[in-house]
Amino acid sequence: DTFFCRLKFIFGPSAVPALDLVDQRSVTRVRSPSGRTLYQVLGSSGKLYTCYSSCHFCTCPAFGFSVLQKSESLLCKHILAVYLSQALGACQELAVSEEQLTNILLAEEEDEG
């Protein structure tokens, strides 16, 4: 209970939805043979977002608006879900080839522009 209160105090409105995503096992660590890693989070809307914990970035609209443009938040619920699932050992694991990982990254580029 204290842990939950601390989470809400630090991360505000992102805390509860992020915990829901962790509970639903919505976070997948995608890893290639070379060790390159990214995370995919199945959002509550059913859309898949790509998160990079190494550079603290998510492809969701909320991250672009609230974090990057307005500096209202430190992170979105998807990145918080990644960090929580890492800490709790609740990530799904997906091994992919280098080519598959590159295709995921290229698909994100096309979506954004």
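You'll find the chain entered in an unreviewed UniProt entry as ZSWM7 protein, with Picathartes gymnocephalus given as the organism.

A. Layout of the UniProt feature "domain: SWIM-type" (unreviewed entry) in the chain. Feature annotation in UniProt assigns "domain: SWIM-type" (unreviewed entry) to the following positions: residues 49-87. The straight-line gap between the two end C-alpha atoms of residues 49-87 is 20 Å; of that span, 51% is helix and 15% is strand.

B. A look at the packing of helix 1 (residues 2-11) against helix 2 (residues 15-23). The geometry of helix 1 relative to helix 2 is characterised by a closest axis approach of 9 Å and an angle of 125° between their N-to-C directions. One element, helix 1, and the other, helix 2, form an angle in the oblique class. Packed against helix 1, whose contacting residues are Phe 4, Leu 7, Lys 8 and Phe 11, the element helix 2 presents Ala 15, Val 16 and Leu 19 at the interface. Partitioning the contact of helix 1 with helix 2 into residue classes produces 6 nonpolar, no polar and 1 charged.

C. Region of interest: the pairing of strand 3 (residues 48-52). Most of strand 3 is tucked away, with 4 of its 5 residues classed as buried. As defined by bridge partners, strand 2 (residues 37-42) adjoins strand 3 across 4 bridges and the pair is classed as antiparallel. Considered in strand 3, the bridge of Gln 40 is made with Thr 50. Connecting the antiparallel pair strand 2 and strand 3 is a turn made up of 5 residues, with Gly 46 showing a positive phi of about 95°.

D. Examining the sheet that holds strand 2 more closely. The 5 strands are arranged 4-3-2-1-5 in an open sheet whose pairing can be described as mixed. The sheet is open, and its two edges are formed by strand 4 (57-58) and strand 5 (92-95), each paired on a single side. In the sheet, strand 1 (residues 27-31) pairs with strand 5 via 4 bridges, with the strands oriented parallel. Bridge assignment links Arg 31 to a residue of strand 5, and that residue is Ala 95.

Definitions and cut-offs
Residues numbered from 1 in each chain as written. Predicted model: local features only at pLDDT ≥ 70, side-chain atom pairs only at ≥ 80, totals over all residues. Heavy atoms only, no water. UniProt positions renumbered as here; feature names shortened; annotations may be inferred. Helix = DSSP H or I, 4+ residues; strand = E, 2+ residues; numbered from the N terminus. Axes fitted to C-alpha atoms, helices over the stretch in contact; angles between N-to-C directions. Parallel < 35°, antiparallel > 145°, perpendicular 65-115°, else oblique. Contact = heavy atoms within 4.5 Å. Nonpolar A, V, L, I, M, F, W, Y, C, P; charged D, E, K, R; others polar. Buried < 20%, exposed > 50% of the residue type's maximum accessible area, 1.4 Å probe, protein only. Pairing = 2+ DSSP bridges.

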